[in-house]
Amino acid sequence: MEKLRIDKWLWAARFYKTRSLAADEIGKGRVRINDQEAKPAREVKTGDTVTLRQGPVIRTLVVRGISSQRGAAPVAQQLYEETEESLRLKAEAAEQRRLGNDPASSQEHGRPTKRDRRTMDKAWNNRWSASIDP
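Rules and cut-offs
Residues numbered from 1 in each chain as written. Predicted model: local features only at pLDDT ≥ 70, side-chain atom pairs only at ≥ 80, totals over all residues. Heavy atoms only, no water. Salt bridge = Lys/Arg side-chain N within 4 Å of Asp/Glu carboxyl O. Buried < 20%, exposed > 50% of the residue type's maximum accessible area, 1.4 Å probe, protein only. Helix = DSSP H or I, 4+ residues; strand = E, 2+ residues; numbered from the N terminus. Pairing = 2+ DSSP bridges. Contact = heavy atoms within 4.5 Å. Axes fitted to C-alpha atoms, helices over the stretch in contact; angles between N-to-C directions. Phe/Tyr/Trp six-rings, centres within 6.5 Å; stacked < 30°, edge-to-face > 60°. Core = buried A, V, L, I, M, F, W, Y, C linked by side-chain atoms within 4.5 Å.

Undergrad: In this structure, what is going on with the pattern of salt bridges? I would like to understand it.
TA: Charged atoms that come close allow side chains of opposite charge to pair. Taken as a whole and judged by the stated rule, the model has ten salt bridges. Here Arg-5 ties to Asp-7 by a salt bridge, and the two come within 3.1 Å at their closest N and O atoms. Taking relative accessible area as the criterion, Arg-5 reaches 33% and is therefore assigned partly exposed. Taking relative accessible area as the criterion, Asp-7 reaches 3% and is therefore assigned buried. Of the charged contacts, one joins Arg-59 and Glu-82 as a salt bridge, the two residues approaching to 3.0 Å between their closest N and O atoms. In this pair, Arg-59 is assigned in strand 6 (residues 57–63) and Glu-82 in strand 7 (residues 80–82), connecting sequence segments 23 residues apart. A relative accessible area of 12% places Arg-59 in the buried class. Connected through shared salt-bridge partners, Arg-5, Asp-7 and Arg-19 make up one network.

Undergrad: What exactly am I supposed to notice about the sheet that holds strand 2 (residues 31–33) here?
TA: Strand order in this open sheet of five strands is 3-2-5-6-7, and the pairing throughout is antiparallel. Each edge of the open sheet carries a strand with a single partner, namely strand 3 (36–37) and strand 7. Pairing between strand 2 and strand 3: two bridges, direction antiparallel. When the bridges of strand 3 are listed, Arg-32 appears paired with Glu-37. Together, strand 6 and strand 7 form the strand contacts of helix 4 (residues 84–99), whose direction differs from that of strand 6 by roughly 155°.

Undergrad: Can you help me understand the packing of aromatic side chains in this one?
TA: What characterises a pair of aromatic rings is the spacing of the ring centres plus the angle enclosed by the ring planes. A full pass over the atoms with the stated rule returns two aromatic pairs. When the centroid spacing of 4.8 Å and the interplanar angle of 50° are considered together, the rings of Phe-15 and Tyr-80 count as tilted. With Phe-15 in the loop between helix 1 (6–12) and helix 2 (19–27) and Tyr-80 in strand 7, the pair connects residues that are 65 residues apart, well separated along the chain. Each of the two residues, Phe-15 as well as Tyr-80, counts as buried. Linked through ring pairs, Trp-9, Phe-15 and Tyr-80 together constitute an aromatic cluster.

Undergrad: Teacher, can you tell me more about the nonpolar core here?
TA: If you look at soluble globular proteins, the nonpolar side chains tend to sit buried side by side. By size, the foremost hydrophobic cluster in this structure holds 21 residues, and its most contacted members are Ile-6, Trp-9, Leu-10, Phe-15, Val-31 and Leu-52. Listing elements by their share of this core, those giving two or more residues are helix 1, helix 2, strand 2, strand 5 (49–54) and strand 6. Per element, the largest residue contribution to this core is four residues, and it comes from helix 1. With residues near it in sequence (within four places) discarded, Phe-15 still touches Trp-9, Leu-10, Leu-52, Gln-54, Arg-59, Leu-61 and Tyr-80.

Undergrad: It is not clear to me how the environment of Leu-89 should be interpreted in this structure. Could you clarify?
TA: Here Leu-89 shows up in helix 4. As for Leu-89 and Ile-58, which are separated by 31 residues in sequence, their C-alpha atoms are 7.8 Å apart.

These results come straight from atomic positions and should not be treated as a statement about function.
Spelled out as structure tokens, the structure:
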């Protein structure tokens, strides 16, 4: 086997749980082959460069093998090689997530109490909108 559909290869290499999820991501334009936008039926061969976006991380891979069967994770990892730049960007993104603050920590008290609610209603004069009354 020399060539394989990109959606099937991404599924076999364990980037997506199902082929339909892989096809959806390809359809959204999140997968490129050799710097060209891919379609699910586009064939990939050994030596091709695949760029895919998973969340905020953009991964660049070089295809090292072709398999139409989904196997164990160590076998799937032999189907591709991630570039040095991609590994560096992935590590930086992980560090940013680790150092980033939790959105929930910006809330001081959480949900307003009944007393807080009444205070807010008095401050807004029971208006339904924040716009200025005519």
